Amino acid sequence: MDKPLLEIEDLSFSYKQIIALESVSLTINQGEIVSLIGANGAGKTTLLRTISGLNVHKKGKIIFNKEDISQTESDYRVRAKIAQVPEGRGLFPILSVEQNLRLGAYTRNDNEIEKDLEFIYNKFPILQEKKDEYAGTLSGGQQQMVAVGRALMIRPKLLLLDEPSMGLAPIIVEEIFSVIKELRDLGTTIFVVEQNAFLALKSSDRAYVLENGKVVISGKSADLLDDERVKEAYLGA
Ligand SMILES: Nc1ncnc2c1ncn2[C@@H]1O[C@H](COP(=O)(O)OP(=O)(O)OP(=O)(O)O)[C@@H](O)[C@H]1O
Ligand SMILES: [Mg+2]
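Since the model is a prediction, treat every value here as computed from it, not as a measurement. (Residues numbered from 1 in each chain as written. Chains lettered and ligands numbered in written order. Predicted model: local features only at pLDDT ≥ 70, side-chain atom pairs only at ≥ 80, totals over all residues. Heavy atoms only, no water.)

Helices and strands together make up the secondary structure of the protein chain, namely 10 helices and 10 strands. Taking 18 Å as the expected radius of gyration for a compact globule of 237 residues, we find that the protein chain reaches 17 Å, a close match to that expectation. By principal-axis analysis of the C-alpha atoms, the protein chain measures approximately 45 × 40 × 40 Å. The burial tally for the protein chain puts 51% of its 237 residues in the buried class. Residue pairs at least 24 apart in sequence account for 67% of intrachain contacts in the protein chain once pairs closer than 6 positions are excluded. Summed over all atoms, the accessible surface of the protein chain reaches about 11600 Å², with 50% contributed by carbon and sulfur. Taking the 29 positively charged and 34 negatively charged side chains of the protein chain as two groups, their mean positions are separated by 3 Å. (Helix = DSSP H or I, 4+ residues; strand = E, 2+ residues; numbered from the N terminus. Rg over C-alpha atoms; globule rule 2.2 N^0.38 Å. Buried < 20%, exposed > 50% of the residue type's maximum accessible area, 1.4 Å probe, protein only. Contact = heavy atoms within 4.5 Å. Areas by Shrake-Rupley, 256 points an atom, 1.4 Å probe, with all protein chains shown as cover. Lys, Arg positive; Asp, Glu negative; His and termini not counted. Charge placed at Lys NZ, Arg CZ, Asp CG, Glu CD.)

Pasting the structure below:
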């Protein structure tokens, strides 16, 4: 049986006059990778930021783990174990790699932080090699690994990723997506925004397509790969 972890009901969001999200409803079940595809300006980042509480919406509901978190602050949602890897990564360039990672654990006071750091170094060995270097000196791919690692230091139940493949070489993208799948297999639920629709659909269980702030298509990713509308608009076929 599917167990919903995140349920979004009739969510709308506007930046002053610009309507960025209109009546969005979607569900993400525990243990799934769900992808969100859509063109530039479709509202993908806005949706992730509204889920993590960085955008404050007026209309609609966000239910996480059966709790209505619509009215809560972003900090509360981090403590509830929603982690976001932002578009553009958002690292602190003149802090070291390890300092950036440790910042991810700011809400925690348990004694497993060192263990989680080891886990991340294990997944991304290059980060251990570079742990004392300024994050800003790393390559784009390595910085994306730091951004993912920092979010993992929250020990998220739900990991939100905004365009993790942006600007990266194919081999690095592969490495990042293979870690995303491993995380899913370890029980983390993942919602990933991708402009690269083929990659998104190949790597996810289900997907939603956003156009002008509205969900226009949704389904199993494997089915969407065969969907004529998706092929024409997003897969260049
Ligand atoms: N801070 C802002 N102020 C005003 N309008 C904004 C702001 N951020 C985004 N928008 C507008 O909201 C709409 C949705 O933008 P959003 O960044 O969510 O799209 P996106 O799907 O993430 O696009 P991209 O693929 O370029 O990252 C666009 O029309 C955009 O111009
Ligand atoms: Mg975006």
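And the narrative resumes.
This next bit is on the pattern of salt bridges. Evaluation of the coordinates by the stated rule reveals 17 salt bridges. Between Asp-10 and Lys-59 there is a salt bridge, with the nearest N and O atoms lying 3.3 Å from each other. Of this pair, Asp-10 sits in strand β1 (residues 4-15) while Lys-59 sits in strand β4 (residues 59-64); the two residues are 49 residues apart in sequence, bridging distant segments of the chain. Between Glu-112 and Arg-155 there is a salt bridge, and its shortest N-O distance comes to 2.6 Å. Here Glu-112, found in the loop between α3 (97-103) and α4 (113-123), pairs with Arg-155, found in the loop between α6 (140-152) and β7 (158-162); they are 43 residues apart in sequence, far enough to count as distant. Judged by relative accessible area, Glu-112 falls into the partly exposed class, the value being 27%. Because the salt bridges share partners, they merge into one network encompassing Arg-108, Asp-110, Glu-112, Lys-115, Asp-116 and Arg-155. (Salt bridge = Lys/Arg side-chain N within 4 Å of Asp/Glu carboxyl O.)

On the basis of which strands lie adjacent, the open sheet formed by four strands has the order β2-β1-β4-β5 and antiparallel pairing. Across the chains shown, the open sheet's two edge strands, defined by having one partner strand only, are β2 (18-29) and β5 (67-68). Summarising the sheet, β4 and β5 pair through two bridges and their orientation is antiparallel. Within the sheet, the bridge partner assigned to Ile-63 lies in β5 and is Asp-68. Here helix α1 (residues 44-51) sits on the sheet in contact with β1, β2 and β4, set at roughly 120° to β1. (Pairing = 2+ DSSP bridges. Axes fitted to C-alpha atoms, helices over the stretch in contact; angles between N-to-C directions.)

So, on to the coordination of the magnesium ion (ligand 2). Octahedral six-donor coordination of a metal ideally yields angles of 90 or 180 degrees, compared with 109.5 degrees for tetrahedral four-donor coordination. Distances from the magnesium ion (ligand 2) to its protein donors, Thr-45 (OG1) and Glu-87 (OE), fall within 2.0 to 2.7 Å. You can see Thr-45 sitting in helix α1 and its partner Glu-87 sitting in the loop between β6 (82-85) and α3, a full 42 residues away along the chain. Exposure remark for Thr-45: the relative accessible area of 22% places this residue in the partly exposed category. (Donors = N, O, S within 2.8 Å, 3.2 Å for Na, K, Ca; no water.)

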